[in-house]
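Coordinates in review
For reference, the chains in residue letters:
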Amino acid sequence: VRDVRVLVADDDRALRTTTVAILRIAGFEVSEAEHGDEVLERLAEAPVDVLVLDVRMPGRDGIAVVEEMRPRPPPPAVLMVSAYALDQEVRDRLGSRVRRYLRKPVRPEHLVSEVEEAAGLAS
Amino acid sequence: LPPQQLLAAIVGSSDDAIVSKSLHRIITSWNQGAERLYGYSADEAVGKPITLIIPESRRSEEHHIFESVLRNEPIDHYETDRVRKDGSVVRVSLSIAPIRGDTGEVVGAAAIARDISERKRGERMFRGLLEAAPDAMVIVDGDARITLVNRQAEQLFGYERDELIGEPVELLLPRRLRDRHLGHRSAYFGNPQVRPMGFGRELFGLRRDGIEFPVEISLSPLRTDGGMLVSASIRDITERREAEAMFRGLLEAAPDAMVIVDGVGRITLVNRQAEQLFGYPREQMVDRPVEMLIPERVHSRHLGHRAGYVLDPLVRPMGVNLELYGLRSDGTEVPVEISLSPLETARGVLVSAAIRDITDRKRAEAELEEAHRAVVRGERLSAVGEMATVIGHELRNPLGAATNALYLARYELGQVDGAVDRHLTTAERALAKAAGLSEDLTVYMRERDPQVQTLDFAEVMREVRDMVRTPAGVTLEVAPAPAAVDADPALLVQVLVNLVTNACQAMPDGGRVTVASRAAGDATVIEVCDEGTGLDAAIATHVFEPFYTTKVQGTGLGLAIVQRVVEAHGGRVTLVPAPGGGAVATVRLPRTAPAP
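Residues numbered from 1 in each chain as written. Chains lettered and ligands numbered in written order. Predicted model: local features only at pLDDT ≥ 70, side-chain atom pairs only at ≥ 80, totals over all residues. Heavy atoms only, no water.

**A word on the overall build of chain A**
- Helix and strand counts for chain A come out as 5 helices and 5 strands.
- Listing every helix and strand of chain A by position from the N terminus yields β-α-β-α-β-α-β-α-β-α.
- Buried positions account for 47% of the 123 residues belonging to chain A.
- Within chain A, residue pairs in contact and separated by at least 24 positions form 58% of the contacts whose partners lie at least 6 positions apart.
- Of the roughly 6200 Å² of accessible surface on chain A, 46% is carried by carbon and sulfur atoms. (Helix = DSSP H or I, 4+ residues; strand = E, 2+ residues; numbered from the N terminus. Buried < 20%, exposed > 50% of the residue type's maximum accessible area, 1.4 Å probe, protein only. Contact = heavy atoms within 4.5 Å. Areas by Shrake-Rupley, 256 points an atom, 1.4 Å probe, with all protein chains shown as cover.)

In structure tokens form, the structure reads like this:
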């Protein structure tokens, strides 16, 4: 039912691994990356449906990742997760390439439903 | 009494020596006055030649006088010498008149002699005193003719004595004042007493060389045998006038208001700056108690201080460490700084007070202090900002991880109950609270300009009521008749939620929170009152500082957010103990939108 591919990108290992575990329990096919460069590598290797993307990471941050994503293959739906609300200016620049902005800490139930929605599973 | 006897009685009782003599210059009568003056009894003298009492040196003179009298030329007040029985010489003033027989022919002469040696001594003493007087003395008779002057008067006016004696006193006055002086002097003769001349008018003398000079004159009447004389003591006050002018110039040039007060606290002199500072023209200050310039509440204290100062007058600032205030004519008070110094004068010690309006300085000090506070607050805020960044970023990840881990733990455990469920629940709540703290911080640090619009306060409070979970026993009341308020709706709701939450937390045993709003001029005032334990002054000064909290469950940011938001609206917020217990938070927001 859930052959949805989710990539979780966060440099905080504890947060990343628990998030991955929760999404796997929810039935998604989950991979992980710990910095922006790795995200771009993963995206180049295999298609991803939903990208749970932390803003602040070493190297390329979440914003740079979104800006550098190739249009082909079709980029994943991006759920941008951050500690702060992002500047409106940044949001305007990223536009529709980001599906949703989520504030940390995101409640697990909420994250699951957001991923489901992003994957087009929710009605 | 027949005329003859009457005359005899008068002659007998006269103090003067009255002696009559025949054409042969034989003494024919000798009264008691003559007995006293010359020392001979009537028995001894009558029948003796008049030469009995005439010294050798005056014999020929007497002869001439007698000849004149016989020629019907009476002698008046002629001063000469006579010799007494004991051989001493006495100075007399002599008047001699012929005595006529029944048919009118001269039959002898009557001489009235008065001992003037005493008067002479008095005159000499008087003249000595006159010359020793520091001031110019001019003595005039009833016709205001000069009868006596001293050397000082000669020097002062530049005349020789002989040039003055017998002249009208107006000679010594400037021409323009002479007519007026005539009136004044006749008035003085009508009511002569010792007093200064002029009654506050400026007086001038005129020198022989035509130069005028300012004088001070004191008058006193002298009653003499020759009628009333008036003595004028005249002082050249040119130098004093110059000194006064210089003093007045200095006084007026002083940058401070100057008020000079005498020993009993009466204002004697003020400058223009004092008029401006206190708002009175000088004539309304001079001669009035200095307390008119001092707020009433400190009058009694000032009286004590003033008395103390007169006893120990030193140059010193007044009221060290005290806030001093002056009282203006319009009843307002002005903060002042006062420096006192004693002035030794002929009228005793005067106290000169230099008074400086320190309104501007006080304001500048307050502004500086406020600026300093703002800097300190700003520094603290930027420190808070950095800390918030750390907490926001570094703490949110572990918070998220912990939340996730709990979620996973529950998943792995499946259905749990009892102690495990309670512990997990406790951990979940603690994490939720930590998440709330980081959220508060984010709100606090998020600086955005308020989007101000005119709000219906009742509507705002409905939203607040929905958002605040009032604890059991606490009721939230909104006072009727809400006022319109101009604010950013979301931010105002945040402010009120925080204030109401704060009020609820102040009442662990329950009570009532009342929120009222009212229009106050060009502002809207919102008050949030509780019935809690109140707060003491030490706490009240800190409640708006970030991370300041007295509550176990507080984050210390609720009121800091309130202040940040209210100040961003250009408003003010205070939290003070309420009069009836509890506390009252007052938010004052300016009306920025025009009233509907």
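**With respect to the overall build of chain B**
- The secondary structure content of chain B amounts to 17 helices and 24 strands.
- Taking all 596 residues of chain B together, 39% fall into the buried category.
- In chain B, once contacts between residues fewer than 6 apart in sequence are set aside, the share between residues at least 24 apart is 49%.
- In the structure as shown, chain B presents an accessible area of about 33200 Å², 55% of it carried by carbon and sulfur atoms.

**Comments concerning the packing of helix α1 (residues 13-25) of chain A against helix α5 (residues 108-118) of chain A**
All names here are of chain A.
- Where α1 meets α5, the axes come as close as 10 Å, and the angle between the chain directions of the two elements is 60 degrees. Between α1 and α5, the angle falls in the class oblique. The element α1 and its partner α5 pack so that their crossing is right-handed. Together, Thr-19, Ile-22 and Leu-23 of α1 and Pro-108, Leu-111, Val-112 and Val-115 of α5 make up the contact between the two elements.
- In the contact of α1 with α5, the residues fall into 6 nonpolar, 1 polar and no charged. (Axes fitted to C-alpha atoms, helices over the stretch in contact; angles between N-to-C directions. Parallel < 35°, antiparallel > 145°, perpendicular 65-115°, else oblique. Left-handed = near helix turned anticlockwise from the far one by under 90°. Nonpolar A, V, L, I, M, F, W, Y, C, P; charged D, E, K, R; others polar.)

**Structural notes on the interface of chain A and chain B**
- The partner chain B presents 20 residues to the 18 residues of chain A that form the contact.
- Overall, the association of chain A and chain B removes approximately 1700 Å² of surface from exposure, summing both partners, and the carbon and sulfur fraction of that is 64%.
- Joining chain A to chain B, the criterion identifies 0 salt bridges.
- Counting across the interface, chain A meets chain B through 4 residue pairs in polar contact (both at pLDDT 80 or more).
- The element that contributes the greatest number of residues to the side of chain A that touches chain B is α1 of chain A, accounting for 7 residues.
- Its residues assigned to classes, the side of chain A that touches chain B comprises 10 nonpolar, 2 polar and 6 charged. (Buried area = accessible area lost by both parts, 1.4 Å probe. Salt bridge = Lys/Arg side-chain N within 4 Å of Asp/Glu carboxyl O. Polar contact = N/O pair within 3.5 Å; in protein donor to acceptor, adjacent residues only side chain to side chain.)

**Things to note about the packing of helix α14 (residues 457-467) of chain B against helix α15 (residues 489-505) of chain B**
All names here are of chain B.
- Viewed as axis vectors pointing N to C, α14 and α15 meet at an angle of 55 degrees, and their least axial separation amounts to 9 Å. Classified by the angle between their axes, α14 and α15 sit oblique to one another. α14 and α15 meet at a crossing whose hand is right-handed. In this structure, α14 contributes Phe-457, Val-460, Met-461, Glu-463, Val-464 and Met-467 to the contact, and α15 contributes Leu-492, Val-493, Leu-496, Val-497 and Val-500.
- Its residues assigned to classes, the contact of α14 with α15 comprises 10 nonpolar, no polar and 1 charged.

**Some details on the pairing of strand β7 (residues 146-149) of chain B**
Residue and element names in this part refer to chain B.
- Across 3 bridges, the pairing between strand β6 (residues 136-140) and β7 is antiparallel. Within β7, the position partnered with Ile-139 by the bridge is Leu-148.
- Linkage of β6 to β7, two consecutive antiparallel strands, is achieved through a turn of 5 residues, within which Ala-144 is found at a positive phi near 60 degrees. (Pairing = 2+ DSSP bridges.)

**As for the confidence of the model for chain A**
- Confidence in the prediction of chain A, expressed as mean pLDDT, is 88, and 93% of residues score 70 or more.
- Across chain A, strand β1 (residues 5-9) of chain A holds the top mean pLDDT of 96, while helix α4 (residues 88-94) of chain A sits lowest at 81. (pLDDT = per-residue confidence, 0-100.)

**Re the nonpolar core**
Residue and element names in this part refer to chain B.
- Core analysis: the biggest nonpolar cluster contains 42 residues, and Val-464, Leu-492, Leu-496, Val-500, Val-513, Ile-526 and Val-528 have the highest contact counts within it.
- Broken down by element, this core gets its largest block of residues, 10 residues, from α15.
- With 24 residues, the next largest nonpolar core counts Ala-45, Ile-53, Ile-65 and Ile-75 among its residues. (Core = buried A, V, L, I, M, F, W, Y, C linked by side-chain atoms within 4.5 Å.)

**Some points on the sheet that holds strand β23 (residues 572-577) of chain B**
All names here are of chain B.
- Here we have 5 strands laid out as an open sheet, ordered β19-β21-β22-β24-β23, and mixed in their pairing. The two strands at the open ends of the sheet, each matched to only one other strand, are β19 (474-478) and β23. This sheet shows a mean twist of 15 degrees between the axes of neighbouring strands, independent of strand direction.
- The pairing of strand β21 (residues 511-520) with strand β22 (residues 523-529) spans 7 bridges and is classified as antiparallel. The residue of β22 that forms the bridge with Arg-518 is Val-525.
- Sitting on the sheet, α14 touches β19, β21 and β22, and the angle it makes with β19 is about 165 degrees.
- Together, β23 and β24 (583-590) form the strand contacts of helix α17 (residues 558-568), whose direction differs from that of β23 by roughly 140 degrees.

**Some remarks on unusual backbone geometry**
- Following Lys-104 of chain A, the chain continues into Pro-105 of chain A via a peptide bond in cis, with omega recorded as -10 degrees.
- Relative to the elements of secondary structure, Pro-105 of chain A occurs in the loop between β5 (100-103) and α5.
- Although it is not a glycine, Ala-144 of chain B adopts a positive phi angle of roughly 60 degrees.
- Relative to the assigned elements, Ala-144 of chain B resides in the loop between β6 and β7.
- Classification of Ala-144 of chain B by relative accessible area gives buried; the value is 0%.
- Unusually for a residue other than glycine, Ala-481 of chain B sits at a positive phi of about 55 degrees.
- Looking at the element boundaries, Ala-481 of chain B is found in the loop between β19 and β20 (485-487).
- Among the residues examined, Ala-481 of chain B registers a relative accessible area of 64% and is labelled exposed.

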